[in-house]
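This is what each chain is made of:
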There are 2 protein chains.
Amino acid sequence: MQGRPKGRKSPLQGSSASHSISGEKERLRLFIKKAGLKSTRQRDIIATEFLKTIGHITAEDLYKKVNRKHKEIGFTTVYRTMKLLSKCGLASERVFADNLTRYEPARGEEHHDHLICIGCGEITEFENPKIERLQGEVAKEFGFNTISHKMELYGYCRRCVENA
Amino acid sequence: MQGRPKGRKSPLQGSSASHSISGEKERLRLFIKKAGLKSTRQRDIIATEFLKTIGHITAEDLYKKVNRKHKEIGFTTVYRTMKLLSKCGLASERVFADNLTRYEPARGEEHHDHLICIGCGEITEFENPKIERLQGEVAKEFGFNTISHKMELYGYCRRCVENA
DNA sequence: ATAATTTTGAAAATGAATTTCATTTCCTTG
DNA sequence: CAAGGAAATGAAATTCATTTTCAAAATTAT
Ligand SMILES: [Mn+2]
Ligand SMILES: [Mn+2]
Ligand SMILES: [Zn+2]
Ligand SMILES: [Zn+2]
């Protein structure tokens, strides 16, 4: 009764990047070959557009961006390509409180956590080694073998606080 | 084409409690009155069953428990009652990585975070003032006014590690 | 009891995520 | 440079937890 999500919210996610996207595309190509998959025009276009992204974008919004120049590329392919990029380590899947799946380029960098503004939707990243260490201590105390973790602070960003 | 979720997973969530459930039921009664709502047999039954719960339970699973003794009470009412209990502060809504909404009795206690076992589904609670303090520092650094936060560690619980 | 308002429960709707399937594209082999 | 086998594509359908709708039933104040 419905093919795929109709347009909806989606706060900021910039564009443009200063990366060797070529290197990342190469990594994708290798992964594809190794997995017995095939390189396609669509995957190339979608990956290129995604890797230019700064921030956290939904498959739906990425589809909209891609769709501007490439009317023939469908949402399903964007969706599937993001799954693929996640598997090969070029994208990280994130789900915040609005329950939408977002993707962010995973630039081999270290793990990070997020501040999410409930006013304007801005997503800010941070990294705090002390907290990470303490999380390790907590896990140890419970005999817990941690594989991943998620920490999100929800509230109002500086701009929203000032404009209040 | 489908009224509500059919049975699915759902790891542990114990039962039995050592609380003055009567006090919590009184709180619900007051909230209901103050909001111009009505006390009903169903709400009483559902709230009672929920408040006996230890752990984190989905509306679906709570419905199943209630349904054993009260075939006439529908899922929708359980669902709505949990929303009501959340609003009046007797329940906390939690969404972990499996994207199901769970509820846990909110016993006026302090905030806590969770360890979630990806082996057996066990959910363990913890509280770490040092981490909380550091989170405050991070927020401060970004001029961020934190309203709530979420921290979850995913991995294998002691038992699952030992049985591996 | 009566009336006004809220609640209930079955069914339908919603919406993001995922799958299906007929067709097209890719890529290796001859 | 075919040809053929395998994978990809895209539109449409499906899934499934959640939420809404609506007519009938229950609650509360009068
Ligand atoms: Mn991020
Ligand atoms: Mn808890
Ligand atoms: Zn903001
Ligand atoms: Zn476990």
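This is a predicted model, so every value here is computed, not measured.

**Some thoughts on the domain arrangement of chain A**
Residue and element names in this part refer to chain A.
For step 1, the next point in the chain: Here chain A is partitioned into domain 1 (14-105) and domain 2 (113-163).
For step 2, the next point in the chain: Summarising the inter-unit geometry, the C-alpha centres of domain 1 and domain 2 are found 25 Å apart.
For step 3, the next point in the chain: Opposite the seven residues of domain 1 that make contact, domain 2 presents seven residues.
For step 4, the next point in the chain: Taking both sides of the interface into account, the surface hidden between domain 1 and domain 2 amounts to around 540 Å²; carbon and sulfur atoms contribute 59%.
For step 5, the next point in the chain: Summed over the three residues of domain 1 that lose the most area to domain 2, namely H56, V95 and F96, the buried surface amounts to 70% of that side.
For step 6, the next point in the chain: Breaking the side of domain 1 that touches domain 2 down by element, the ones donating at least two residues are β2 (91-95) and β3 (101-105).
For step 7, the next point in the chain: The class makeup of the residues in the side of domain 1 that touches domain 2 is three nonpolar, one polar and three charged.

**Some details on the coordination of the zinc ion (ligand 3)**
Ideal geometry at a metal centre: 109.5 degrees between donors when four sit tetrahedrally, and 90 or 180 degrees when six sit octahedrally.
All names here are of chain A.
For step 1, the next point in the chain: Donor atoms from the polypeptide that bind the zinc ion (ligand 3) are C117 (SG), C120 (SG), C157 (SG) and C160 (SG), placed at 2.2 to 2.4 Å.
For step 2, the next point in the chain: Metal-centred angles of 104 to 115° between the four donor atoms at the zinc ion (ligand 3) mark the site as tetrahedral.
For step 3, the next point in the chain: If you list the donors of the zinc ion (ligand 3) from N- to C-terminus, the spacing comes out as C-x2-C-x36-C-x2-C. Placement of C117 in strand β4 (residues 113-117) and of C157 in the loop between β6 (145-156) and α6 (158-162) is noted, with a sequence separation of 40 residues between them.
For step 4, the next point in the chain: Overall, C157 belongs to the buried group, its relative accessible area being 4%.

The rules we used
Residues numbered from 1 in each chain as written. Chains lettered and ligands numbered in written order. Predicted model: local features only at pLDDT ≥ 70, side-chain atom pairs only at ≥ 80, totals over all residues. Heavy atoms only, no water. Domains from an automatic or database assignment. Contact = heavy atoms within 4.5 Å. Buried area = accessible area lost by both parts, 1.4 Å probe. Helix = DSSP H or I, 4+ residues; strand = E, 2+ residues; numbered from the N terminus. Nonpolar A, V, L, I, M, F, W, Y, C, P; charged D, E, K, R; others polar. Donors = N, O, S within 2.8 Å, 3.2 Å for Na, K, Ca; no water. Tetrahedral: all angles 85-135°; square planar, octahedral: opposite > 155°, others 65-115°. Buried < 20%, exposed > 50% of the residue type's maximum accessible area, 1.4 Å probe, protein only.

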